[in-house]
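Below, each chain spelled out in residue letters.
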Amino acid sequence: MTVTSKEQAWNEVNKIFPTDYEQDLSSTSRAGYPIYRSTADGHYYDYICDLGNRLEVNLSNGKTINVWIEEPAAEATEEPKEQESEATMEQRQDVAKRLQRLTYYYTVEYVKELENKAKEDAAVKAMQANPSGELKMMVCTAENNAKVMMDCMKDTIRAVEILTDAAQDVDVWMLAGITAMIDKVNELRGIPFDLPTSICGLLCAQYR
């Protein structure tokens with residue numbers, strides 16, 4: 001939904017949000033923007049992100065609602081192009097912040113796979129050190145999984161670099177596509193490993 005002031009945006013959020021809420025200082029510090037979380041038991045995953053030009057309401061049932069804040073339409077003049085450019089850059093930075101959260105997720109998964117690889121290597125050495133004479137087979141997956149996570153991180157970082165570089169042209173439809181991807185992922189509550197590649201494809205990163 002779209003409103004014309006921050007006050008109206010919070011009024012709409014209060015109609016949607018199921019419980020009382022307060023600012024989560026720890027989450028705010030990590031994210032770099034205000035996060036307000038439910039104060040009710042069992043509602044930890046009900047929270048609100050204040051992203052400047054919109055309030056993002058995330059509910060524990062997987063639903064995400066964005067309340068966009070847009071200035072009332074003004075009469076056409078000869079200067080709206082400069083104002084439009086500034087608004088687009090702000091939207092790009094908002095999307096970039098969401099992608100930075102993806103980078104953190106993939107980094108955590110990468111570290112887990114490195115730990116799994118260490119366990120696999122130790123298991124192989126133990127088998128080699130104690131030959132029993134019988135045929136044994138071990139399927140090792142951690143090394144390849146770690147490579148996949150590294151590719152995910154590289155693609156996500158590349159997308160953030162494009163979005164935050166004012167010299168790079170990014171169309172509004174690209175931002176809309178990336179936002180739709182992330183919103184659907186939030187709804188499905190599962191982050192696919194081909195998401196960063198898809199985002200880079202939408203940004204035409206391979207041609208820049």
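Here the structure is shown first, and the text comes after it.
Below is a summary of the structure that appears in this document. (Residues numbered from 1 in each chain as written. Predicted model: local features only at pLDDT ≥ 70, side-chain atom pairs only at ≥ 80, totals over all residues. Heavy atoms only, no water.)

**Remarks on the sheet that holds strand E3 (residues 35-38)**
Taking strand neighbours across the sheet as the criterion, the six strands line up as E1-E6-E5-E4-E3-E2 in an open arrangement whose pairing is mixed. Edge positions in the sheet fall to strand E1 (2-3) and strand E2 (21-23), since each of these pairs with one other strand and no more. Sheet topology places E3 next to strand E4 (residues 47-50); three bridges connect them, and they run antiparallel. Bridge pairing in E4 links Tyr36 to Ile48. (Pairing = 2+ DSSP bridges. Helix = DSSP H or I, 4+ residues; strand = E, 2+ residues; numbered from the N terminus.)

**Let's talk about the packing of aromatic side chains**
Evaluated as defined, the whole model comprises six aromatic pairs. Between Trp10 and Tyr21, the aromatic rings sit 5.9 Å apart at their centres with planes inclined by 20 degrees, giving stacked as the arrangement. Note that Trp10 is positioned in helix H1 (residues 6-16) and Tyr21 in strand E2, a separation of eleven residues in sequence. Exposure remark for Trp10: the relative accessible area of 17% places this residue in the buried category. Assessed through its relative accessible area of 25%, Tyr21 is described here as partly exposed. Site record: aromatic cluster; members linked through ring pairs are Trp10, Phe17, Tyr21 and Tyr36. Cation over ring: Arg37 sits above Tyr44, and NZ or CZ is 4.0 Å from the ring centre. Lying over the aromatic face of Tyr47, Arg37 brings its terminal NZ or CZ to 5.1 Å of the ring centre. (Phe/Tyr/Trp six-rings, centres within 6.5 Å; stacked < 30°, edge-to-face > 60°. Buried < 20%, exposed > 50% of the residue type's maximum accessible area, 1.4 Å probe, protein only. Lys NZ or Arg CZ within 6 Å of the ring centre and 35° of its normal.)

**Brief notes about the packing of helix H4 (residues 142-164) against helix H6 (residues 195-202)**
At a closest axis distance of 8 Å, the pairing of H4 and H6 adopts a crossing angle of 30 degrees. In terms of orientation, H4 lies roughly parallel with respect to H6. In this structure, H4 meets H6 at a crossing whose hand is left-handed. Facing H4, whose interface residues are Cys152, Asp155, Thr156, Arg158 and Ala159, H6 presents Pro196, Thr197, Ile199 and Cys200. (Axes fitted to C-alpha atoms, helices over the stretch in contact; angles between N-to-C directions. Parallel < 35°, antiparallel > 145°, perpendicular 65-115°, else oblique. Left-handed = near helix turned anticlockwise from the far one by under 90°. Contact = heavy atoms within 4.5 Å.)

**A closer look at the pairing of strand E6 (residues 64-69)**
Summarising burial for E6: five of the six residues are buried, a large majority. Remark: five residues form the turn of the hairpin made by strand E5 (residues 54-58) and E6, two consecutive strands paired antiparallel; Gly62 in that turn has positive phi of roughly 95 degrees.

**With respect to the pattern of salt bridges**
Under the counting rule described, the total for this entry stands at nine salt bridges. Here Asp50 makes a salt bridge to Lys6, at a shortest N to O gap of 3.2 Å. Placement of the pair is Asp50 in strand E4 and Lys6 in helix H1, with a sequence separation of 44 residues. With relative accessibility at 11%, the residue Asp50 sits in the buried group. For Lys117, the salt bridge goes to Asp121, with nearest N and O atoms at 2.9 Å. Of this pair, Lys117 and Asp121 both sit in helix H3 (residues 80-129), four residues apart, which is roughly one turn of that helix. Of the residues examined, Lys117 reaches a relative accessible area of 26% and is grouped as partly exposed. Judged by relative accessible area, Asp121 falls into the partly exposed class, the value being 33%. Each of Arg54, Glu56, Arg98 and Asp183 takes part in salt bridges that share partners, so that together they form one network. (Salt bridge = Lys/Arg side-chain N within 4 Å of Asp/Glu carboxyl O.)

**A closer look at the state of the cysteines**
In this structure the tally under the stated criterion is zero disulfides. Summary of cysteine pairing: Cys152 is not part of a disulfide, and the nearest cysteine sulfur, belonging to Cys200, is at 10 Å. Overall, the relative accessible area of 4% leaves Cys152 in the buried class. This cysteine, Cys204, is not joined by any disulfide, and Cys200 carries the nearest cysteine sulfur, 11 Å off. (Disulfide = S-S within 2.5 Å.)

**Observations regarding the side chain of Asp94**
Assignment of secondary structure puts Asp94 in helix H3. Lacking a salt bridge, the buried Asp94 has Lys97 as its closest oppositely charged neighbour, with an N-O distance of 4.7 Å. Those residues in contact with Asp94, other than ones at most four positions away along the chain, are Leu51, Asn53 and Arg54. (Lys, Arg positive; Asp, Glu negative; His and termini not counted.)

Read these as spatial facts, not as claims about activity.
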